[in-house]
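Coordinate analysis (summary)
Take a look at the letters that make up each chain.
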Amino acid sequence: MLAGTLFALAAGLMWGLVFVAPLMLPDYPAALLTVGRYLAFGLIALPLALVDWRALRELAPGDWLEALKLSAIGNFLYYLCLSAAIQRAGGPLPTVIIGTLPVVIAICSNLRDHERDGLLPWRRLVPSLVLIAAGIACVNQVELAALAREAGPGELRRYAEGALLAVAALACWTWYPIRNADWLRAHGDRSPRAWATAQGLMTLPLALLGLAALPGLQWAGLLDAGLDLPLGPRPWAYIGLMLAVGLCASWLGTLCWNEASQRLPTSLVGQLIVFETLAALGYAFALRGQAPAPLTLLGIALLVGGVVWALRVKPERRAAPQP
């Protein structure tokens, strides 16, 4: 339990980086950020594949297809929606929408996987979910009030688009950990590191296809006609940040999450995604150079309290039917 929690914490700290990358490169469209991140992830995975080649050779064609699906939806599509949402609505709104993941995943996985993982009793799970939801509500109140003060009437449509894109990212990231945990729990003898590398390898063809499509998107008017492809206006900043995000947030984050998923019930792992929200908010405030408001600190305390409460809840196994 402790090891799984620490791995989930490490994954959250690294995944929080993806929320600030679009804010650090505001002149880069979401498509270029997504292609850059996963091109870096795929290239980083190539030498890592040499280390894990024996484990990768054991993967069946169906396993590679599953890795492709996880990469396409949980990585590529998720970050395309998230980065576009952040650039339209700013950092706080998408962060707090994604911050509902612990509640959404806990409910979905408890309904779906209780026969495999045991049922977390709702009467004991509800208090932790309430604490997490209250914490997210506190953070929402502060951040959305700030957005309302700063937003002009012409920006309402962009905020609405950002909210919808964040909800789409929420759907992708709800599907990913549940489906990823299915494979890991069904293949408990396989290496989580090799599975993370396999997903990285599968992002490479997706990123190359995206890279090839960028000129067409620019020609169609979906990208700024003055944008310098493929590296944009600040090539070295772009390359450095994409390599950092590709290594830390993509490969290492996925590796730590896989380790946590093999050790903890899916419904508990889902709640530990709260670490990603806390890290993203912490990085955002550091980037702003300001301290969180008291209500935000209260929300963070409630989020952590909800996680601690959840970790005390033990799944209950149903008695096997009598022959």
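Residues numbered from 1 in each chain as written. Predicted model: local features only at pLDDT ≥ 70, side-chain atom pairs only at ≥ 80, totals over all residues. Heavy atoms only, no water.

Remarks on the overall build of the chain
Each helix and strand counted, the chain has 15 helices and zero strands in total. Sequence-distant contacts in the chain: of pairs separated by 6 or more residues, those separated by 24 or more amount to 89%. Total accessible area on the chain is roughly 14300 Å²; 69% of this is exposed by carbon and sulfur atoms. (Helix = DSSP H or I, 4+ residues; strand = E, 2+ residues; numbered from the N terminus. Contact = heavy atoms within 4.5 Å. Areas by Shrake-Rupley, 256 points an atom, 1.4 Å probe, with all protein chains shown as cover.)

What to know about the pattern of salt bridges
On inspection of all chains with the given rule, the structure shows six salt bridges. One salt bridge connects Asp-52 with Arg-193, and the closest N-O pair in it is separated by 2.7 Å. Of this pair, Asp-52 sits in the loop between helix H3 (30-51) and helix H4 (53-57) while Arg-193 sits in helix H11 (residues 192-219), placing them 141 residues apart in sequence. Accessibility expressed as a relative area gives 36% for Arg-193, which makes it partly exposed. (Salt bridge = Lys/Arg side-chain N within 4 Å of Asp/Glu carboxyl O. Buried < 20%, exposed > 50% of the residue type's maximum accessible area, 1.4 Å probe, protein only.)

A few points about a nonpolar patch on the surface
Taken together, the side chains of Ile-107, Leu-111, Trp-122, Val-126 and Val-130 make up a nonpolar region of the molecular surface, amounting to roughly 420 Å² of accessible area. Listing elements by their share of the nonpolar patch, those giving two or more residues are helix H7 (101-112) and helix H9 (122-150). Its location among the elements puts Leu-111 in helix H7. Using a relative accessible area of 55% as the deciding quantity, one classes Leu-111 as exposed. (Patch = residues over 30% accessible without salt bridge, like charges linked within 9 Å, V, L, I, M, F, W, Y side chains within 5 Å.)

Here we look at the packing of aromatic side chains
Across all of its chains, the model carries nine aromatic pairs by this definition. Relative to Phe-76, the ring of Tyr-38 has its centre 5.9 Å away and its plane inclined at 40°; by these criteria the two rings are tilted. Taken together, the positions of Tyr-38 in helix H3 and Phe-76 in helix H5 (residues 61-89) put the pair 38 residues apart, joining distant regions of the chain. Geometrically, the ring pair formed by Tyr-38 and Tyr-79 is edge-to-face, given 6.4 Å between the ring centres and 80° between the ring planes. With Tyr-38 in helix H3 and Tyr-79 in helix H5, this pair connects stretches of sequence that are 41 residues apart. Each member of the pair, Tyr-38 as well as Tyr-79, is classed as buried. Linked through ring pairs, Trp-15, Tyr-78, Trp-173, Tyr-176 and Trp-257 together constitute an aromatic cluster. (Phe/Tyr/Trp six-rings, centres within 6.5 Å; stacked < 30°, edge-to-face > 60°.)

Things to note about the packing of H11 against helix H12 (residues 235-263)
Orientation of H11 relative to H12, taken along the N-to-C sense of each, is 135°, at an axis distance of 8 Å. Overall, the two elements H11 and H12 adopt an arrangement that is oblique. The crossing of H11 and H12 is right-handed. Within the contact between the two elements, H11 uses Pro-192, Arg-193, Trp-195, Ala-196, Thr-197 and Gln-199 and H12 uses Trp-251, Thr-254, Leu-255, Asn-258, Glu-259 and Gln-262. (Axes fitted to C-alpha atoms, helices over the stretch in contact; angles between N-to-C directions. Parallel < 35°, antiparallel > 145°, perpendicular 65-115°, else oblique. Left-handed = near helix turned anticlockwise from the far one by under 90°.)

Regarding the side chain of Ser-71
Relative to the helices and strands, Ser-71 resides in helix H5. Filtering out sequence-adjacent residues up to four positions away, Ser-71 remains in contact with Phe-76, Gln-199, Met-202, Thr-203 and Leu-206.

Digging into the packing of helix H2 (residues 17-24) against H12
Contact geometry for H2 and H12: axes closest at 10 Å, N-to-C directions at 170°. As far as their axial angle goes, H12 and H2 are roughly antiparallel. Contacts from Leu-17, Val-18, Ala-21 and Met-24 of H2 reach H12 at Leu-241, Val-245, Cys-248 and Ala-249. Across the contact of H2 with H12, the residue classes break down as eight nonpolar, no polar and no charged. (Nonpolar A, V, L, I, M, F, W, Y, C, P; charged D, E, K, R; others polar.)

Considering the side chain of Thr-174
As for its placement among the helices and strands, Thr-174 is situated in helix H10 (residues 156-186). A polar side-chain atom of Thr-174 sits 2.7 Å from the main-chain carbonyl oxygen of Leu-170. Setting aside residues up to four positions removed in sequence, Thr-174 forms contacts with Leu-101, Val-104, Ile-105 and Cys-108. (Polar contact = N/O pair within 3.5 Å; in protein donor to acceptor, adjacent residues only side chain to side chain.)

Quick notes on the confidence of the model for the chain
For the chain, the average pLDDT comes to 82, and 90% of its residues sit at 70 or higher. Taken element by element, the predicted model of the chain shows its lowest mean pLDDT in helix H8 (residues 114-117) (65) and its highest in H5 (90). (pLDDT = per-residue confidence, 0-100.)

A few points about the nonpolar core
Among the nonpolar cores identified, the biggest contains 73 residues, and Phe-19, Tyr-78, Tyr-79, Leu-82, Ile-98 and Trp-195 are the most heavily contacted of them. Contact partners of Trp-195, with chain neighbours within four places excluded, come to Leu-59, Asp-63, Glu-66, Ala-67, Leu-70, Asn-180, Trp-183, Leu-184 and Asn-258. The next biggest cluster of nonpolar side chains, apart from the first, holds six residues, and it includes Ala-85, Leu-93, Tyr-159 and Ala-166. (Core = buried A, V, L, I, M, F, W, Y, C linked by side-chain atoms within 4.5 Å.)

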